[in-house]
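Working through the structure, step by step
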Amino acid sequence: TGNRAMKLKRENCILTQYTERGVIHGKLGQPFFLPDPRDKTGDRLIALAGMGEPGRFGAPELTVLVRELCWSLGRMNKRHLATVLIGTGLGNLNLREAVSAWMDGIRRAITGSSYDQEKRLYRITFVEKNPERLPPLHRMLNEEVPRQRRFGLEITYFRPSRAEFERAKQDDRKQLKKTLDER
């Protein structure tokens with residue numbers, strides 16, 4: 001019965017199945033899109049982008065990944081991307097390198113062609129669950145606004161409100177308490 005449950009669970013892991021069959025390659029910057037099964041309208045997508053060879057992912061590779069992901073979504077008439085800050089996982093890029101590479105990739109995806117004005121993302125939301133990272137992330141995004149403007153990208157940055165900062169801290173405390181209670 002335990003094996004049957006594992007088998008059923010595995011059969012529902014469509015991304016695992018696609019990876020095992022070689023449908024998802026993981027080549028640097030190669031996007032893969034899947035309709036979000038939670039969205040009844042069919043408008044939302046789950047987007048993946050290849051990070052390339054293991055152990056070789058740095059800021060230049062992140063810039064390419066972001067450029068290809070954002071460009072592709074724009075061509076699909078998507079206007080908003082909600083994402084974690086890819087590249088900042090354990091043992092990867094520091095926050096400053098990742099934020100800069102993200103902004104460079106976004107700029108390269110949406111500037112340079114008049115055709116890009118109609119087929120591009122207009123909004124990107126970074127999802128961060130660690131409340132300790134919110135203040136430095138906010139500071140670094142603010143610093144990117146003038147830097148990117150010098151290269152032709154106009155950014156309108158909406159900082160999280162004080163209430164959102166506090167809510168993130170409270171959610172983190174609740175999660176920590178739940179984890180400790182389960183032990």
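Residues numbered from 1 in each chain as written. Predicted model: local features only at pLDDT ≥ 70, side-chain atom pairs only at ≥ 80, totals over all residues. Heavy atoms only, no water.

Glancing now at the overall build of the chain. Regarding its fold elements, the chain presents six helices and four strands. With the principal axes as the frame, the chain shows a C-alpha extent of 60 × 40 × 40 Å. The long-range share in the chain, meaning contacts at least 24 apart out of those at least 6 apart in sequence, stands at 60%. Accessible surface for the chain amounts to roughly 12,600 Å². Of this, 52% is attributable to carbon and sulfur atoms. Computed over 35 positive and 23 negative side-chain charges, the inter-centroid distance for the chain is 2 Å. (Helix = DSSP H or I, 4+ residues; strand = E, 2+ residues; numbered from the N terminus. Contact = heavy atoms within 4.5 Å. Areas by Shrake-Rupley, 256 points an atom, 1.4 Å probe, with all protein chains shown as cover. Lys, Arg positive; Asp, Glu negative; His and termini not counted. Charge placed at Lys NZ, Arg CZ, Asp CG, Glu CD.)

With 25 residues, the main nonpolar core has L62, V66, C70, L81, L85, W102 and I106 as its most contacted residues. Secondary structure elements with two or more residues in this core: α3 (59–75), α4 (95–110) and α5 (134–150). Looking at which element gives the most residues to this core, the answer is α4, with nine residues. In contact with C70, other than residues within four places in its own chain, are L81, I106, A109, L121 and I124. (Core = buried A, V, L, I, M, F, W, Y, C linked by side-chain atoms within 4.5 Å. Buried < 20%, exposed > 50% of the residue type's maximum accessible area, 1.4 Å probe, protein only.)

With that settled, the discussion passes to the side chain of T83. Mapped onto the elements of the fold, T83 is located in strand β3 (residues 80–83). Contact partners of T83, with chain neighbours within four places excluded, come to W102, I124, T125, F126 and V127.

Where α4 meets α5, the closest approach of the two axes is 10 Å, and the angle between their N-to-C directions is 40°. As judged from the angle between their axes, α4 and α5 are oblique. Viewed along their axes, α4 and α5 form a crossing whose handedness is right-handed. Only P136, L137, M140, L141, E143, E144, R147 and Q148 of α5 make contact with α4, whose side of the interface consists of L95, R96, V99, S100, M103, D104 and R107. Its residues placed into classes, the contact of α4 with α5 shows seven nonpolar, two polar and six charged. (Axes fitted to C-alpha atoms, helices over the stretch in contact; angles between N-to-C directions. Parallel < 35°, antiparallel > 145°, perpendicular 65-115°, else oblique. Left-handed = near helix turned anticlockwise from the far one by under 90°. Nonpolar A, V, L, I, M, F, W, Y, C, P; charged D, E, K, R; others polar.)

A separate point is α5. With 17 residues, α5 ought to run about 24 Å at 1.5 Å a step, and its terminal C-alpha atoms sit 25 Å apart, in line with that. Roughly 25° is the biggest bend found in α5, and it falls at E144, with proline P146 one to four residues downstream. Of the residues making up α5, those classed as buried are L134, P136, L137, H138, M140, L141, E144, V145, R147 and Q148. Next to the buried residues of α5 lie α4, β4 (123–126) and α6 (162–182). One or two positions beyond α5, positive phi appears at G152, with a value near 100°. (Expected span 1.5 Å × (residues − 1). Bend = angle between axes of the 7 residues up to and from the residue.)

Per the stated rule, a full pass over the model turns up two aromatic pairs. Here W102 and F126 contribute two aromatic rings whose centre-to-centre distance is 5.1 Å and whose plane-to-plane angle is 90°, an arrangement assigned as edge-to-face. On the criterion of sequence distance, the pair formed by W102 in helix α4 and F126 in strand β4 is long-range, its members being 24 residues apart. Across the pair, F126 and W102 agree in class, each one buried. (Phe/Tyr/Trp six-rings, centres within 6.5 Å; stacked < 30°, edge-to-face > 60°.)

Time to look at the environment of E144. Position of E144 relative to the elements: it lies in helix α5. A residue is classified by how much of its surface remains accessible, and E144, at 7% relative accessible area, is buried. A sequence separation of 72 residues divides E144 from S72, and the C-alpha atoms of the two residues are 23 Å apart. Beyond its immediate stretch of four places on either side in the chain, E144 contacts V99, S100, M103 and I155. Here the side chain of E144 touches R147 through a polar contact of 3.1 Å, side chain to side chain. (Polar contact = N/O pair within 3.5 Å; in protein donor to acceptor, adjacent residues only side chain to side chain.)

Function cannot be inferred from these measures alone, as they are strictly geometric.
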